[in-house]
Structure formats: structure tokens, C-alpha cells
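Structural features, examined
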Amino acid sequence: MGLSAAAPPWGAPGLLLTIALHLAIYLHPAQAWAPVHRDYCILGAGPAGLQMAYFLQRAGRDYMVFERAPVPGSFFTRYPRHRKLISINKRYTGKTNAEFNLRHDWNSLLSHDPRLLFRHYSDAYYPDASDMVRYLSDFAERLGLHVLYNTTIAHVTVNKDRGAWNGHYFILTDHRGQAYQCSVLLVATGLSVPNRVDFPGSEYVDGYESVSVDPKDFEGQNVLILGRGNSAFETAENIFSVTNFIHMLSRSRVRLSWATHYVGDLRAINNGLLDTYQLKSLDGLLESDLTDLAIVKDHKGKFHITLKLFVEEFFNQSSDAIPLPQDNNDNFAMRVAYDRVIRCLGWKFDFSIFSKSLRLSSGSELSEKYPLVRASYESKGSRGLFILGTASHSVDYRKSAGGFIHGFRYTVRAVHRLLEQRHHGAAWPSTEHPITHLASAIIRRINEASGLYQMFSVLADVVLLKENATTFEYLEEFPMQMLAQLETITGRRARHGLFVINMEYGRNYSGPDKDVFFSDRSVGHMEDAWLSNFLHPVIYYYRHLPTEQEVRFRPAGWPLPRPSALHHVVEDFLTDWTAPVGHILPLRRFLENCLDTDLRSFYAESCFLFALTHQKLPPFCQQGYLRTQGLVGTESLRQHGVESGLLWDSATMGQHQGASNQQPGDHGPGGRSLAPGPPVSPFNSNKEEL
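If you check an unreviewed UniProt entry, the chain appears there as FAD-dependent oxidoreductase domain-containing protein 2 from Ovis ammon polii. As stated in UniProt under Subunit (unreviewed entry), the record for the chain gives "Interacts with SEL1L. May interact with OS9 and DNAJC10. Interacts with TXNDC16." Checking UniProt for the chain, the heading Function (unreviewed entry) contains the comment "Probable flavoprotein which may function in endoplasmic reticulum associated degradation (ERAD). May bind non-native proteins in the endoplasmic reticulum and target them to the ubiquitination machinery for subsequent degradation."

Right under this line is the structure:
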């Protein structure tokens, strides 16, 4: 990546920042006007920022992480407020495979150091947030990551420059006025701005970010919580044993993670209030659009819920004169007065430090929560600007795990692989194998791979077939919706067909209104595999690489365009897809039908027979038998050949014909056959390789 000097033309960052920059320039002119250049700049030393720093460091790249706090993972020093994480720390799985175990470790980052697994930092299934802070600190320190702490980036803009690879540099200015020039900007700042709803009386509301976490402060009180996510229920869980009652108000129904299969929806660890609501123990849930409501404070300091239009109509009246809904409807659900109203509406991205020229937001509802990014996690408005971690979750919002550590550790790795190809000519990592290994390669990945398992329907493995389908390349964890750009992103060629290996839930099995416990929910027969409900492997076969238009206008609900052929591996209760008949045999036959070849393994003498009777040999024989040129002279092989009818019993013939009739090369010492043929191998079998 080329380095070139450029003037630092800041945008208009606001009056206070302008004054600060002016003072910094006046006091330290050389420092302020000489931007420090880095090829890669990472904003934020949270999990995503540190994960990207690790990959860049391992690749030997020029980078710097900017962190406003004195420690990494500063978000976890305060949140969640009640300190219990909802990311599981499953320390025992019965397996020793490290990749498999990451499927059930939702907190560890990826590294080469086995000491940096979260299981060494907490014994709890749901760990304390302070353990995450300690873990991230060790991750940064032990790996020697380049983090500039106590550095607040106050403004980010672009400087057009023909010398830059994409026509511009990113200019970061910190709180001291120091400028940094970056070729690639990687934003990993997370979601840090609390969501608020502006309605009359919203000034009376306590925010999740500041409300007391001491249950004693809520003893004997009537509490209204605005929101219905994990932060709302976490707050309720902390105090519902000491309150008179808790009412929860939101515009939509509760979304249970076990029904939606989305880890960001309400988790069981926080949903105790659902019991007390449904078992009629005073607590309750209500649905209404918050923008239609208002809060009125009476002369006793109690809060009443009314309608916004009432407040607007009686704008100049005292609060006691404003009508309440119960005046006309004495059965109004929220006719009681509340002592506390708490806002728990989640978080959104902080756009304030970014120049509008970067075009990170379009103004839509989703783009107010998340920056606008492509499926490659690159900004739609600024080439070379990537969004990582929680803030990149718009790609798979309410679908997969991209907003959480156990998901974005893999999307960050995908972004790094993209950058390596784009800027350093390092093609996407792949392995090449003979076509006879295709089924076993797929079986291994669907049974072990954590990236596929966690980022289902988002990241997929890709098998690129070589000419004549004699070999294949295996690429891991590629962003599915970027499939049309695969050749550009990976530096690999896809000219002879490809398979895409993905994990999916059943099409009609996820949703807040779904009954996921119905009696015949499980599918056990391979002929019904396409009806599988639980997470299971799905393999797409394409004769040609799909076009951008085909990907964009794919069928509704499909992660990819309609393929040439499709195969579902039937769901498995143990998520162990190794059953010879139920899993492996149907997969192998699907692959054979797509490739029009035989992928079985054979004994050497079977290959010998095929060579005499067929014009085209199975790939196993082509790649094994034909390369060896002859039989190994062993008595066991000779006897097996005689019993199978492929060889004459030469010992018997010798007795009848005498030694004078022995042909050169037919027999060795002891009557062992040396006729041309294949060697015997312990992994050869004339039975189907299941």
C-alpha cells in the first residue's frame, strides 16, 4: 500500500472542536499539521477491534488501534449494568476438537495462543462482565497489539488524494488536535448511544445507562419499564422481587430467542418476569407505540400515563388538569400511578464524529441504528472504510450472530482476508484436494467448523471445481451475499462449477409467533431432509458463478440464488452429521450426480478390472491405482486375487505345467504373483465409502 504525504483538510467539526484544534495548532504547530500515517487505523479496542488488530499483526501490517479509555473493552467496565453476560461459556462438551468447542464458547477471540480462551477466565456459564475486561486486557497485552490508549478520536473525514489507492485518505483528529492519515479505516466502536423516544414527559424517565442497580432503591414501588429487550428484562430481573409490580411497555410483542433463533432476542436467563405475568403475580406486559403516549407528573411526584394528544390539547394547563385515559375508560390498563419509569430501549451507533462526506447513514430507521454497509462489511458511502463487530450487524440483523463476539470474530477474519487480497495480493486461504476427498472434506467441516455454525446463512464454505472435476479448492467462511464477486475478493478462479456449504434453520421454523415445541418438530428420515427444522447443512451446486443480478433478486427467504442442484443434510439431534446411511451416503450420491462421476473408494483389483472393462475409470482409481504401476508381491494379495476370480491360481498351474512353462515376470520366489496391478492399501475398499 503506497504511502504519500497529504495536507489534512478537516471538515467543519463544530465550534468547540475548532477552538480545540486552533489551540493545539498554535501550541504545537509541527505536531498538529504533520499527520501520522498508518496503512490501517482501527477505532476502538473492544473485542472486534482487538480481533482485527491480531490478524493485521500476524500478517505483519502497519496498523494502530485508537482507544479513548485507559483499558481495552471499556464498554464492559459498565455494561451490562447488572454485570452478568448472556454469552455462554460452555467449558465442557465431551470433545477435544478445539474448533468444535468454539461452537459453544461465545466469548473467546481467535488466536494461536490456547491460553487466550475464555474458559481460563471464568467458571461461570454466564460470566461476569469484569471477567471480559480482564480477558481483553490480557489478549491485547500478551499478543503485543498496538493500541494507543487515552486517545479520543474527535473527528473523522476524508482527504482526496490521487496518490491514495482509492483516491482518498481518511483523516482522524484526536482530542489533542493530532491528525492521523489512514489508507484503510476500520471502525469497531460498537453501539454506544442509548436509544431515546421523544414524547411529552420523557424528561421524567431514568435511563438504563444511569438508573440505580441497587434493588433497595425500588422497594415497595410501582415501576414502568419502557422496552422489551434483554436490557429491559435484565433490569426487571434485578428488582421484581422487591417492587409492588413491574409493567413493561413496548410497541411490539416480546421476541423469545428460542423461538426466533436469534441470540439478540430475549434470553431465558432474563425472562423471569414472563412467569410472574402469565401466573398473574401482578407484573405485566403491554404493547403500544411510545410516540403516542405522554407522562404526566402529579403534585405528589407520581407519574401517570396519558395520550400525547391530550397533553398537546391542554398545553397551557397544569398537570392535574390534563385528562387521563381512565377518565373515559375506567378499565384502562395503566390507570395506576408509577413511582419510577425506566427507559431500556437499546443502543445505536455514534455518528457524531464522522463527517457527512463519509455517507455512513441514509436517514432510514435501520441506518440510524447501524451504519450503511455492504455484505462485505465495507461502507456503501466510502470505499476503504469497514465497519466491524456489533456495529456491522445490519448485514444479518435479527438473523444470525454477527452482532456478538461468537459471530463477528469470524466476520472480522473474513474482512481481513478480503484486505489481504485487495492490498497485498494474498489470495483467500484455500486447500486443494483430489475430487475423491470432496465428501470427507465437507463432512469434516459441517461437523467441526464454528464459523459456519455461528454465522449460519451469512458465511459459507465454497468448493471451487477444477477442470474436468479431478481436483477442487476448498475456501472457508466466505460472505454468501458477495458470491458474485468471489473471484475479485478471493483471487481464486471459479470457472468449472462450485459448491456452497451453508448452515440453515427450516424456512418456517423461526419467528416470535412460532411454536417451536410442537410434537413432530424433528425430522429423522433422510428422504425428508428438505423439511428439517433445526440447524442443518445445506449444499448448493452451481454450474456457473451466479451474477450480481441473480444474487440481488434471489427468491424471497433464500440466502442465495436458486442453484442447479440443492441438497439438505437431514438435521441431527446431536449435531453430529456422521451417520453412514443417514448423512454421508446421501451427500456422496448428491455430489456424484452433480459431477457425473463415481466418488467411491475401491480395492486395487477392482480398479484393475475397471481398467480392462471401462473407458473411464472412477477418480479414485485414476488418482491411486494408475499412478503405482503394478501389484505388490505378497501372498495375501495373490490369494485374495485368486478367490475373487481376478487371478489364476499360479501355484496350482505350476504343479501341472512344471517350472519349464513359467513365464518371465509371472512369478517370483515362493510363487508370489508379480503381474501388473495395484498395491493394497489399508484405506482401500471395494465397498462404498460411506
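Packing of helix α3 (residues 47-58) against helix α11 (residues 405-424) leaves a shortest axis separation of 9 Å and a crossing angle of 35 degrees. Between α3 and α11 the crossing geometry is right-handed. Contacts between α3 and α11 pair Pro47, Ala48, Gln51, Met52, Phe55 and Leu56 from the former with Ile405, Phe408, Arg409, Val412, Arg413, Val415 and His416 from the latter. When the residues that make up the contact of α3 with α11 are grouped by side-chain class, the tally is 9 nonpolar, 2 polar and 2 charged.

The strand order β8-β14-β9-β10-β11 describes an open sheet built from 5 strands, whose pairing is parallel. Of all strands in the sheet, those with a lone pairing partner are β8 (206-207) and β11 (284-287), marking the two edges. In the sheet, strand β10 (residues 245-250) pairs with β11 via 4 bridges, with the strands oriented parallel. When the sheet's bridge partners are listed, serine 250 is paired in β11 with glutamate 287.

Now for the state of the cysteines. Enumeration according to the criterion identifies 2 disulfides in this entry. Residue pairing for cysteine 41: its cysteine sulfur links by disulfide to cysteine 182, the two sulfurs lying 2.0 Å apart. Its S-S torsion of approximately -80 degrees makes the covalent link between cysteine 41 and cysteine 182 left-handed. Pair noted here: cysteine 41 is in strand β1 (residues 36-43) and cysteine 182 is in strand β6 (residues 179-187), with a separation of 141 residues, a long-range link. Each member of the pair cysteine 41 and cysteine 182 is classed as buried. With its sulfur 2.0 Å from that of its partner, cysteine 607 forms a disulfide with cysteine 621.

With that settled, consider the environment of tyrosine 204. Assignment of secondary structure puts tyrosine 204 in the loop between β7 (193-194) and β8. With a relative accessible area of 31%, tyrosine 204 lands in the partly exposed category. In the structure, tyrosine 204 is positioned 99 residues away from phenylalanine 303 in sequence and 8.4 Å away in space, judged by C-alpha atoms. Excluding anything up to four places from it in sequence, tyrosine 204 contacts Ile295, Lys297, Phe303 and Val341.

Conventions we followed
Residues numbered from 1 in each chain as written. Predicted model: local features only at pLDDT ≥ 70, side-chain atom pairs only at ≥ 80, totals over all residues. Heavy atoms only, no water. UniProt positions renumbered as here; feature names shortened; annotations may be inferred. Axes fitted to C-alpha atoms, helices over the stretch in contact; angles between N-to-C directions. Helix = DSSP H or I, 4+ residues; strand = E, 2+ residues; numbered from the N terminus. Left-handed = near helix turned anticlockwise from the far one by under 90°. Contact = heavy atoms within 4.5 Å. Nonpolar A, V, L, I, M, F, W, Y, C, P; charged D, E, K, R; others polar. Pairing = 2+ DSSP bridges. Disulfide = S-S within 2.5 Å. Buried < 20%, exposed > 50% of the residue type's maximum accessible area, 1.4 Å probe, protein only.

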